[in-house]
Amino acid sequence: MVNQTVPPTGSGPAVRAAGQTAGEDGRLWELARDTLDGNWAGGHTVPSRTLYPHQWSWDSAFIAIGWAHVRPERTWSELTSLFRAQWRDGRVPHIVFNPAVSGGAYFPGPGFWASETVEGAPAVATSGLVQPPVHALAAWHAYRRLPSEEGRAALRRLYPRLVAQQRYLATCRDVGGAGLASIVHPWESGLDNSPAWDAPMSAVAAEAAVMRAYRRRDTVHADPAHRPTDLDYARYVTIVTAYRAGGYRDDDLAERHPFLVECPLFNAAMGASELALAGIAEVVGADPGPHRERAVRITQAVVNRLYDPDSGTFHPRDLRTGRLTPARTVLGLTPLILPGLPARQVEAVLAEARSARFGLAARMERPLPSHDRTATDFEALRYWRGPSWMNIVWLIRHGLLVHGHDRLAAGLRTSMIELVAAAGCHEYFHPDTGAGLGSPAFGWTAALLLDVLAD
Ligand code: 2M8
């Protein structure tokens, strides 16, 4: 294999402002590349060798962006291997199980999901859920970083699959009938344990004792105090069991499914991916028009359904109650990735982001948290309930750039670089001290660091 690593040619202004040197940039570049290399499993990259030993859907999208900077051919292997596991209905499973890894290495493993019993599932074992559709966005971003004939050929192969992914979400998952996709499990949000899900999760009837029948693996590798509780897991298992019992079908979900939510990030990703598909369509000789139209409609629906003028931010809508969930989490800021977001909402979200709740600034005093740091249920150590995550920071930085807020975007870039410089490529970071938390040597942290270093 030819080593195609190209170190960044110079440190950007934000890096210099942080007092770092081009040498420090080079060290971080190598750390990130080596982390990705260490997680490469031949054809795809694991998020973490310990906690997450299979292929995860949105992790692979972010990781594909990082590979574009160091081993571009792996960008396309990463996405191709994921989409090879796409179901016939278009869904892209949130986990693709590696048959070479023991079934007991992760809970819930392939035996729990039983995808092989479902008509239309692929030959390889997968979960039956999805994750935020950031894949077209990632494919387009990676391609524009390094346009090549190999990239064009990969886009031609991926385009119909990306379109099918979006079509599945826009049709089968439009449970609310307003043009937004519903998630059927907190795991589909990617922010599994966010306080955003506390209200809808509390309505899921389950007892912690459900977990006596299972063996959690996450608490073997991570501090149990940082992970979801057994009661959370009992509810996670209960929701999957209900979905699995219906063969993972999506008809009549409103009548029978215990968790149905329209998430701002998930739907903003779906809208931004339509715009990315418009770009990809132009490259592969397809019609970009319908993608642009869909992006406009999704943006309008996100504003109409998920923006709360009283709080001045976006919230998930719980379809079981019809109400917006009350927590002010970082999910509320993510519609910034929609270029067509009206100026009024952009201003409101910026005010929310700059408030003491999130502390966004051109010079960040602390990392961007995943939850309102002034809230009573803010937890600095428990995953998705406070800590800072690189993929979310990357998305919000991307949104700030989309809307021309370059100085604030530079603040996030510096913050990302400083976090890894001090703590390494951890899964997430303490929102006050920046200490590394969760799994060390984490895939998307390394990948997205490469992307911001390359700017
Ligand atoms: C976390 O989720 C998995 C379940 O999918 C878990 O906790 O076991 C989340 O952080 C999710 O966003 C991420 O994709 C996954 C793998 O990194 O881990």
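Figured I'd write up the structure that's included with this text. What you see is a predicted model, and the numbers here were worked out from it, not measured in a lab.

## Structural notes on the overall build of the protein chain
Each helix and strand counted, the protein chain has 17 helices and 8 strands in total. Taken over C-alpha atoms, the radius of gyration comes to 20 Å for the protein chain, in line with the 23 Å a tight globule of 455 residues would show. Dimensions along the principal axes, computed over C-alpha positions, put the protein chain at roughly 55 × 50 × 50 Å. By residue count, 62% of the 455 residues in the protein chain fall in the buried class. Within the protein chain, counting contacts between residues at least 6 apart in sequence, those at least 24 apart form 70% of the total. As displayed, the protein chain has an accessible area near 16200 Å², and 51% of this comes from carbon and sulfur atoms.

## Looking at the environment of S57
Mapping S57 onto the fold places it in helix α3 (residues 57-70). Expressed as a C-alpha distance, the spacing of S57 and V92, which sit 35 residues apart in the sequence, is 7.3 Å. In this view, S57 contacts L82, V92, P93, H94, Q131 and H135; residues no more than four positions away in its chain are not counted. For S57, the side chain forms a polar contact with the side chain of H135, separated by 2.8 Å.

## Describing the pattern of salt bridges
Using the criterion set out here, one finds 28 salt bridges in the structure. With a closest N to O distance of 3.5 Å, E119 and R88 form a salt bridge. Residue E119 is found in the loop between α5 (110-113) and α6 (135-145), and its partner R88 is found in the loop between α4 (72-84) and β2 (95-96); the two are separated by 31 residues along the sequence. A residue is classified by how much of its surface remains accessible, and E119, at 68% relative accessible area, is exposed. Among the ionic pairs, D230 bridges to R216, the shortest N-O distance being 2.9 Å. Linking D230 in helix α10 (residues 230-245) with R216 in the loop between α8 (198-202) and α9 (218-221), this pair joins segments that are 14 residues apart in sequence. The network of salt bridges with shared partners includes D89, R91, R173, E188 and D250.

## Digging into the site of the ligand
Near the ligand lie 17 residues; those nearest to it are D59, Y106, G190, D192 and Y383. Within the side chain of Q131, a nitrogen or oxygen atom sits 3.0 Å from an oxygen atom of the ligand. Residue W384 places a side-chain N or O atom 3.0 Å away from an oxygen atom belonging to the ligand. When the ligand sits alone it has 420 Å² of accessible area, and the protein chains cover 100% of it. Within the shell around the ligand, the residues separate by chemical class into 11 nonpolar, 3 polar and 3 charged.

## A look at the packing of aromatic side chains
If you walk through the whole model with that rule in mind, you get 28 aromatic pairs. For the pair W56 and Y106, a centre-to-centre distance of 4.9 Å together with 85° between the ring planes defines the contact as edge-to-face. Of this pair, W56 sits in strand β1 (residues 55-56) while Y106 sits in the loop between β2 and α5; the two residues are 50 residues apart in sequence, bridging distant segments of the chain. On the basis of an interplanar angle of 50° and a centroid distance of 6.2 Å, the ring pair of W113 and W187 is categorised as tilted. With W113 in helix α5 and W187 in the loop between α7 (149-171) and α8, the pair connects residues that are 74 residues apart, well separated along the chain. W187 carries the same exposure label as W113, and that label is buried. Among the aromatic residues, those joined into a cluster by ring pairs are Y52, W56, W58, F62, Y106, Y383, W384, W389, W394, Y428, F442 and W444. Over the ring of Y233 we find R216, and its NZ or CZ is 3.9 Å from the ring centre. Between R244 and the ring centre of F112, over which it is positioned, the NZ or CZ distance is 4.9 Å.

## As for unusual backbone geometry
Residue F107 is joined to P108 through a cis peptide bond whose omega torsion reads -5°. At D252, a position not held by glycine, the phi torsion is positive, near 60°. Along the chain, the position of D252 falls in the loop between α10 and α11 (253-256). Residue D252 is classed as partly exposed on the basis of its relative accessible area, which comes to 47%. Not every positive phi belongs to a glycine, and W384 is a case in point at roughly 70°. Within the element layout of this structure, W384 appears in the loop between α14 (343-354) and α15 (390-402). Given a relative accessible area of 2%, W384 falls into the buried group.

## Let's talk about the packing of α15 against helix α16 (residues 406-423)
Orientation of α15 relative to α16, taken along the N-to-C sense of each, is 160°, at an axis distance of 8 Å. When the interaxial angle is binned, α15 and α16 end up roughly antiparallel. Between α15 and α16 the crossing geometry is left-handed. Contacts between α15 and α16 involve M390, V393, W394, I396, R397, L400 and L401 from the former and D406, L408, A409, L412, R413, M416 and V420 from the latter. Looking at the contact of α15 with α16, its residues break down into 11 nonpolar, no polar and 3 charged.

The rules behind each value
- Residues numbered from 1 in each chain as written.
- Predicted model: local features only at pLDDT ≥ 70, side-chain atom pairs only at ≥ 80, totals over all residues.
- Heavy atoms only, no water.
- Helix = DSSP H or I, 4+ residues; strand = E, 2+ residues; numbered from the N terminus.
- Rg over C-alpha atoms; globule rule 2.2 N^0.38 Å.
- Buried < 20%, exposed > 50% of the residue type's maximum accessible area, 1.4 Å probe, protein only.
- Contact = heavy atoms within 4.5 Å.
- Areas by Shrake-Rupley, 256 points an atom, 1.4 Å probe, with all protein chains shown as cover.
- Polar contact = N/O pair within 3.5 Å; in protein donor to acceptor, adjacent residues only side chain to side chain.
- Salt bridge = Lys/Arg side-chain N within 4 Å of Asp/Glu carboxyl O.
- Near = heavy atom within 4 Å.
- Nonpolar A, V, L, I, M, F, W, Y, C, P; charged D, E, K, R; others polar.
- Phe/Tyr/Trp six-rings, centres within 6.5 Å; stacked < 30°, edge-to-face > 60°.
- Lys NZ or Arg CZ within 6 Å of the ring centre and 35° of its normal.
- Axes fitted to C-alpha atoms, helices over the stretch in contact; angles between N-to-C directions.
- Parallel < 35°, antiparallel > 145°, perpendicular 65-115°, else oblique.
- Left-handed = near helix turned anticlockwise from the far one by under 90°.

This is a description of form; function is not addressed.
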